[in-house]
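So you can see what is in the structure, the chains are spelled out below.
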Amino acid sequence: MNTAVDVILIGALAGVWLAAGLLAEGLPTVGSARLMRRRAVLLTALISAGAALFVAVPVVTGLLPGTSAAPAAALLPAAPAMVVLTMGVRRLSRVRRGAGAFATAPLAPVPPALRAAAAHPLITASLQVTGLAAIVGLPLAAGLVHLPGHGVPATDGFTGMAGIAITVVAIAVSAIGIRAALRHSRLTVLTGVALGSRPLRPWKSM
């Protein structure tokens, strides 16, 4: 097995997608439209680099002799990455264009609607989940964890560890999604307030 190469490839994959997730986290809170546009451009470049690494993993491992765990490890973040590439990038391009319209003034404030768009879960949550999934793939690439059906029989110990790992990852993914949805909802409400709309009262006073 090419363990060192596998770890390098999946480590690079995790690093790029984690950096993209962290950058997306701060995108809605930037101080000016010009800075938001710059970060959106950088975020687009990181997503492109992450997509290129997905292509590089099977190409590099296919050129090397011996078996490799990197392709299997790369499958873990592939699903959320597809959400980023099919839907998140499109929303990010809208944010970039919207910020560009206000970026001609150096200190132009970011409109509340643009902040809400930058905080959409399809941008923030999908990137962060991709980075988390890539980190989970690191033990697989390092040979510390073996999947059943790859020459290693499934055991009760493996089943228990796999169950715990799946539960922890599911909880983390749910937390990321809920947090992103709440943040987006809060910024959307602020957009309505900024436009002068009256907040709805949940009940009338008796």
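So, here's what we can say about the structure. Please read these numbers as outputs of a predicted model, since none were measured by experiment.

Quick look at the packing of helix 1 (residues 3–26) against helix 2 (residues 33–63) now. At a minimum axis separation of 9 Å, helix 1 and helix 2 run at an interaxial angle of 160°. By the angle between their axes, helix 1 is roughly antiparallel relative to helix 2. Crossing handedness for the pair helix 1 and helix 2: left-handed. Among the residues making up the contact of helix 1 with helix 2, the classes are represented as 20 nonpolar, three polar and two charged.

Right, let's get into the nonpolar core. Counting 33 residues, the largest nonpolar core has W17, M36, L43 and L127 as the members making the most contacts within it. For this core, the elements supplying multiple residues, two or more each, are helix 1, helix 2, helix 3 (70–102), helix 4 (112–118) and helix 5 (124–141). What W17 contacts, discounting residues up to four positions off in sequence, is I47, G50, A51, F54, A81, V84, L127, T130 and G131.

This part is about helix 2. With 31 residues, helix 2 should reach 45 Å at 1.5 Å per residue; the first-to-last C-alpha distance of 45 Å fits that figure. Taking the largest bend as the criterion, helix 2 deviates by roughly 30°, centred on A56, and proline P58 comes between one and four positions later. Three or more residues of helix 2 are buried, namely A33, M36, A40, L43, L46, I47, G50, L53, F54, V57 and T61. As for helix 2, its buried residues are in contact with helix 1, helix 3, helix 4 and helix 5.

A word on the environment of I47. Structurally, I47 can be placed in helix 2. The class for I47 is buried, based on a relative accessible area of 5%. Sequence separation between I47 and A20 is 27 residues, and the spatial gap between their C-alpha atoms is 6.9 Å. Apart from the residues within four sequence positions on either side, I47 is in contact with W17, V84, L85, V89, L92 and L127.

Cut-offs and rules
Residues numbered from 1 in each chain as written. Predicted model: local features only at pLDDT ≥ 70, side-chain atom pairs only at ≥ 80, totals over all residues. Heavy atoms only, no water. Axes fitted to C-alpha atoms, helices over the stretch in contact; angles between N-to-C directions. Helix = DSSP H or I, 4+ residues; strand = E, 2+ residues; numbered from the N terminus. Parallel < 35°, antiparallel > 145°, perpendicular 65-115°, else oblique. Left-handed = near helix turned anticlockwise from the far one by under 90°. Nonpolar A, V, L, I, M, F, W, Y, C, P; charged D, E, K, R; others polar. Core = buried A, V, L, I, M, F, W, Y, C linked by side-chain atoms within 4.5 Å. Buried < 20%, exposed > 50% of the residue type's maximum accessible area, 1.4 Å probe, protein only. Contact = heavy atoms within 4.5 Å. Expected span 1.5 Å × (residues − 1). Bend = angle between axes of the 7 residues up to and from the residue.

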